[in-house]
Amino acid sequence: MTGLWESFWAIAGWLAVILAVISLFGWTVTFGSTLATFYLVFKHWRLRKAGMEAERRLLAHGLPTEAELPDVVVQIPTYNEGAMVARALDAATALDWPRERLHIQILDDSTDGSTIFANEEVARRRAQGFDVVLIHRKDRSEYKAGALANAMTLTPHGFFAILDVDYVPDPDFLKKTMTCLLADPQLAFIQARFDYMNRDANPLTRTQAVLLDAHLAIEQGTRCWAGHPLPFNGTCGVWRREAIEAAGGWRGGTLAEDLDLSYRAWRIGRRGSFLMSVPVPGELPETMKAWMVQQQRWTKGFGEVMLRLLCPILADGSLSLADRLKAAMHLGVWWSGLAWAVALPAGIGAIVLGAPLRWELAGILVGQLLIGYIALFVFLRAGNLSLRPGQTRLSDFVREFVQVSRDLFRIGAAIGPAQREVIFRKRSEFVRTPKSTPAPKVV
């Protein structure tokens, strides 16, 4: 019995060492992500004044005469969201652009009868003199990317405004975005900023608004101003057809067709630009289940693009070392979430099993958690102050941060399967985020 006990502790000792090494490696990855967060916040405040001034100058360029304006195709992808098509078409037909040069495509992959209602709305707008068509696919191949690519083949025009069905742009959306695209022929796309129609619907929507504000201001805004690779957010933007085709077109090999195309365009020298001052309101998921569906797809899509493109980018001698490092800082952040999930239990296991220097390991673990939470608070507060200065007192924001932390803990557990699917390269269906407005029932 004594021999078995000694064998157990010998194995436990080796296991403790292995877990300690895994934990330290994981914390190294997360510490790199933490440094990147502080770096982006620092760069944001350093560049914000000049960046916003450059945006004002770009928007002030003005458009050509109405007779010289190009044709623009507004693409509205939808899947089993028939109840939202009417509102989306109201917004699209209200865009301030010459009617004869405004073309609207409803990209409908629905399987639940939503197509019937979408057809009715399309017919109503056509009767009013608008060029609106419904493009219905039955096979849904390559999901949103396939719908966008298929629709492009059906029109000869050179600019594509992409608006998910739950986003409602102001009438001047096209004038502002097209002003920027036409002012700089090198721009591949213009990305407007998300805003939220239901920000205060419940605590969960407020959590999402806080997170998205930081993403849009500190990540998207700063990347644009600093010359880093700028991802397209999948909606609320306008692409130049020539840039899409030069980059290889829309591809459905990942669940993040927007990120994939953005990086392929960036690698051939075609960059995008982000407009902080042009908000487009949309709907945030109002239930935890709907938000989890969205976050699982975003996590998996980002990871798929990272696995597909990061190594080729790092090995691409045509890119400068600085550009490769900028891409690695962005794409490599995907590993930090997985590192957190692995390093924390590994570190606790190593301490419990009595790893060498376990108290030092415990100090590192506590320190990393503390620094990580400080970085998260700084990141979120910086986004809040940048986009909504003076709207939220520090004491109120601290209370919001506590709620955000709880929600992030829940969502962190939910995205685990998506992370595993990325690692094992398991393909899955593109699951649209459930909307608060249900599709009408066919009777």
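Remember, it's a predicted structure, so these values are computed and weren't measured experimentally. (Residues numbered from 1 in each chain as written. Predicted model: local features only at pLDDT ≥ 70, side-chain atom pairs only at ≥ 80, totals over all residues. Heavy atoms only, no water.)

**Digging into the overall build of the protein**
- In terms of helices and strands, the protein carries 14 helices and seven strands.
- On C-alpha atoms alone, the protein measures out to a radius of gyration of 24 Å, which is about the 22 Å that the 2.2 N^0.38 rule sets for 443 residues.
- Across the 443 residues that make up the protein, the buried fraction comes to 53%.
- A separation of at least 24 residues holds for 83% of the contacts in the protein among residues at least 6 apart in sequence. (Helix = DSSP H or I, 4+ residues; strand = E, 2+ residues; numbered from the N terminus. Rg over C-alpha atoms; globule rule 2.2 N^0.38 Å. Buried < 20%, exposed > 50% of the residue type's maximum accessible area, 1.4 Å probe, protein only. Contact = heavy atoms within 4.5 Å.)

**Notes on the nonpolar core**
- Counting 88 residues, the largest nonpolar core has Val-74, Phe-173, Leu-174, Trp-239, Trp-250 and Leu-380 as its most contacted members.
- Broken down by element, the residue count for this core peaks at ten residues, all from helix 6 (residues 203-226).
- Every residue in contact with Leu-380, bar those within four places of it in the chain, is listed here: Val-210, Leu-211, Ala-214, Phe-397, Phe-401 and Val-404.
- Core analysis: the second largest hydrophobic core is formed by 16 residues, Met-306, Leu-331, Trp-334 and Val-422 among them. (Core = buried A, V, L, I, M, F, W, Y, C linked by side-chain atoms within 4.5 Å.)

**Description of the environment of Gln-128**
- By secondary structure assignment, the location of Gln-128 is in the loop between helix 3 (114-127) and strand 3 (131-136).
- On the accessibility criterion, Gln-128 (42% relative accessible area) is partly exposed.
- Along the backbone, Gln-128 and Thr-93 are 35 residues apart, and their C-alpha atoms lie at a distance of 9.8 Å.

**Concerning the sheet that holds strand 3**
- Pairing in this open sheet of seven strands is mixed, and the strands run 3-2-1-4-6-5-7 from one edge to the other. The open sheet has two edge strands, strand 3 and strand 7 (271-282), and neither has a second partner. Taken over all neighbouring pairs, the strand axes of this sheet differ in orientation by 20 degrees on average, direction set aside.
- Where strand 5 (residues 187-196) and strand 6 (residues 237-240) come together, three bridges link them in antiparallel fashion. Residue pairing for strand 6: Phe-189 is matched across the bridge by Trp-239.
- Strands in contact with helix 3 are strand 2 (102-108) and strand 3; relative to strand 3, the strand with the most contacts, it is inclined by about 160 degrees. (Pairing = 2+ DSSP bridges. Axes fitted to C-alpha atoms, helices over the stretch in contact; angles between N-to-C directions.)

**Looking at the pattern of salt bridges**
- With the rule as written, the count across this model stands at 25 salt bridges.
- The partner of Glu-429 in a salt bridge is Arg-140, and the shortest N-O contact between them spans 3.1 Å. Separated by 289 residues along the polypeptide, Glu-429 in the segment after helix 14 (416-423) and Arg-140 in the loop between strand 3 and helix 4 (143-152) bring together distant segments of the chain.
- In this structure, a network of salt bridges that share partners links the residues Asp-90, Glu-121, Arg-124 and Arg-125. (Salt bridge = Lys/Arg side-chain N within 4 Å of Asp/Glu carboxyl O.)

**Some remarks on empty space enclosed by the protein**
- Taken as a whole and judged by the stated rule, the model has one cavity of 30 Å³ or more.
- What the largest cavity holds in volume is close to 90 Å³.
- Pro-77, Thr-78, Tyr-79, Leu-107, Asp-109, Arg-140, Tyr-143, Lys-144, Ala-147, Phe-430 and Arg-432 together form the lining of the largest cavity.
- Counting residues per element, the ones that place at least two in the lining of the largest cavity are strand 1 (72-78) and helix 4.
- Looking at the lining of the largest cavity, its residues break down into six nonpolar, one polar and four charged. (1 Å grid on protein atoms, 1.4 Å probe; cavity = no way out; pocket = protein on both sides within 12 Å on 5 of 7 lines; lining within 4 Å. Points joined across faces, edges and corners; volume = space filled by probe spheres on them. Nonpolar A, V, L, I, M, F, W, Y, C, P; charged D, E, K, R; others polar.)

**Section: a nonpolar patch on the surface**
- Together, Phe-31, Leu-35, Phe-38, Leu-370, Ile-371 and Ile-374 make up an exposed nonpolar region whose accessible area comes to about 500 Å².
- With respect to the helices, strands and loops of the structure, Leu-35 is situated in helix 1 (residues 2-59). (Patch = residues over 30% accessible without salt bridge, like charges linked within 9 Å, V, L, I, M, F, W, Y side chains within 5 Å. Areas by Shrake-Rupley, 256 points an atom, 1.4 Å probe, with all protein chains shown as cover.)

**A word on the pairing of strand 4 (residues 159-162)**
- Residues Phe-159 and Ala-161 line one face of strand 4 and the alternating positions Phe-160 and Ile-162 line the opposite face, and both faces are buried.
- Pairing of strand 1 with strand 4, which is carried by four bridges, proceeds in the parallel orientation. Within strand 4, the position partnered with Val-73 by the bridge is Phe-160.

**Description of the environment of Met-52**
- Here Met-52 shows up in helix 1.
- Through-space distance from the C-alpha of Met-52 to that of Ser-277 is 8.3 Å; in sequence the pair is 225 residues apart.
- Beyond its immediate sequence surroundings of up to four residues, Met-52 is in contact with Trp-225, Met-276 and Ser-277.

**A look at the confidence of the model for the protein**
- With 95% of its residues at a pLDDT of 70 or more, the protein has an overall mean of 91.
- Segment residues 439-443: pLDDT under 50, and 14 contacts once partners within four positions in sequence are set aside and those in other chains are kept. (pLDDT = per-residue confidence, 0-100.)

**Some remarks on the packing of aromatic side chains**
- Throughout the structure, instances matching the rule amount to ten aromatic pairs.
- Between Phe-377 and Phe-397, the ring centres sit 5.6 Å apart and the planes meet at 70 degrees, which makes this aromatic pair edge-to-face. One end of the pair, Phe-377, is in helix 12 (residues 358-387); the other, Phe-397, is in helix 13 (residues 394-414), with 20 residues separating them in the sequence.
- What makes Phe-377 partly exposed here is its relative accessible area of 21%.
- The rings of Phe-189, Phe-232, Trp-239 and Trp-250 are connected pair by pair, giving a single aromatic cluster.
- Positioned above the aromatic ring of Tyr-79, the side-chain terminus of Arg-140 is 3.7 Å from the ring centre.
- Between Arg-381 and the ring centre of Phe-397, over which it is positioned, the NZ or CZ distance is 5.2 Å. (Phe/Tyr/Trp six-rings, centres within 6.5 Å; stacked < 30°, edge-to-face > 60°. Lys NZ or Arg CZ within 6 Å of the ring centre and 35° of its normal.)

**Quick notes on the side chain of Lys-144**
- Examined against the element boundaries, Lys-144 turns out to sit in helix 4.
- Here Lys-144 falls in the buried class, since its relative accessible area comes to 8%.
- Side chain to side chain, Lys-144 and Asp-164 meet in a polar contact 2.9 Å long.
- Once residues lying within four places of it in the same chain are set aside, the contact partners of Lys-144 are Pro-77, Asp-164, Gly-234, Glu-257, Phe-430 and Arg-432. (Polar contact = N/O pair within 3.5 Å; in protein donor to acceptor, adjacent residues only side chain to side chain.)

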